[in-house]
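Residue-level listing of the chains:
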Amino acid sequence: ITKARHDYLKCGDLREGFARVRCPECGHNMFVGFSCKQRCMCPSCHQKRTLVTAINVAENICAPVPHRQFVFTMPKRFRLFFRFDRDMLRKLPKLAWETIREVYRAVLDSDDVVPGMVAGIQTHGQLSNWHPHIHALTTYGAFTPDGTFIPLPDNLSGTPFLKIWEAKVFKLLLDEDRITQDVIDQMRSWRHSGFSVDKSVALAAADIAGL
């Protein structure tokens with residue numbers, strides 16, 4: 001953090017280095033200070049990184065097929081475990097990916113189809129509180145080994161995704177000795193466990209702006 005802070009304070013400072021830029025048409029010259037290229041710490045560099053990444057995902061990575069945004073969340077009582085164990089936090093995108101793949105394969109009745117997915121960990125909520133959850137841009141359908149895309153029905157329920165996501169997070173915490181089976185049994189008896197999977201944001205094929 002200290003190095004990131006020092007680099008941020010030097011961002012755009014001409015005394016720290018610059019490039020001279022000249023327009024070949026009008027001959028105008030200007031100096032552009034070197035940027036720090038820090039994530040999060042520097043608003044300017046972070047925003048540029050965000051936009052460049054988004055354009056690359058939308059134009060070069062995503063296939064021209066329907067997509068959906070999935071948001072995977074967990075109960076408040078579990079969130080603190082991931083705040084102090086970042087190795088465990090990094091396992092969440094894999095669990096989200098496995099959830100998507102298992103449901104898609106079950107619905108399409110095929111064990112060799114593969115969905116496309118780009119997932120990111122977000123660690124804060126609207127009030128900047130600690131709230132680790134997964135945002136995933138996912139094809140709404142899967143690809144066969146020969147590249148054929150098979151779409152999913154629009155009326156697919158979110159319940160299968162929720163149940164599998166819940167089971168995978170429970171297993172992770174149980175394997176890491178963070179909870180006991182009694183905790184799992186207790187939470188499964190509740191009407192609302194605190195887990196959720198939202199897939200309400202739908203994107204039509206080739207919707208570059210939406211992506």
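Further up the page is the structure itself.
Residues numbered from 1 in each chain as written. Predicted model: local features only at pLDDT ≥ 70, side-chain atom pairs only at ≥ 80, totals over all residues. Heavy atoms only, no water.

J.: Break down the packing of aromatic side chains for me, citing the residues and quoting the values.
T.: This structure, assessed with the given rule, holds 10 aromatic pairs. Where Phe170 meets Phe195, the ring centres are 5.1 Å apart and the plane angle is 75°; that geometry is what we call edge-to-face. Taken together, the residues Phe170 in helix α6 (residues 159–175) and Phe195 in the loop between α7 (181–188) and β8 (196–203) connect sequence positions 25 residues apart. Residues Phe170 and Phe195 agree in their burial class; the two are buried. Within the aromatic cluster, the residues linked to one another by ring pairs are Phe70, Phe72, Tyr104, Phe161 and Trp165. (Phe/Tyr/Trp six-rings, centres within 6.5 Å; stacked < 30°, edge-to-face > 60°. Helix = DSSP H or I, 4+ residues; strand = E, 2+ residues; numbered from the N terminus. Buried < 20%, exposed > 50% of the residue type's maximum accessible area, 1.4 Å probe, protein only.)

J.: Talk me through the pattern of salt bridges; I want residue IDs and the actual numbers.
T.: On inspection of all chains with the given rule, the structure shows 9 salt bridges. Across the pair Arg90 and Asp87 runs a salt bridge whose closest N-O atoms are separated by 2.1 Å. Given a relative accessible area of 49%, Asp87 falls into the partly exposed group. Linking Asp175 and Lys171 is a salt bridge whose minimum nitrogen-to-oxygen distance equals 2.8 Å. A residue pair is termed a helical-turn pair when its members lie 3 or 4 positions apart in one helix, as Asp175 and Lys171 do in helix α6 at 4 residues. Assessed through its relative accessible area of 49%, Asp175 is described here as partly exposed. In this structure Lys171 comes out as exposed when scored by relative accessible area, which is 52%. When salt bridges that share partners are traced, they join Glu98, Glu102 and Lys168 into one network. (Salt bridge = Lys/Arg side-chain N within 4 Å of Asp/Glu carboxyl O.)

These values are about where atoms sit, not about what they do.
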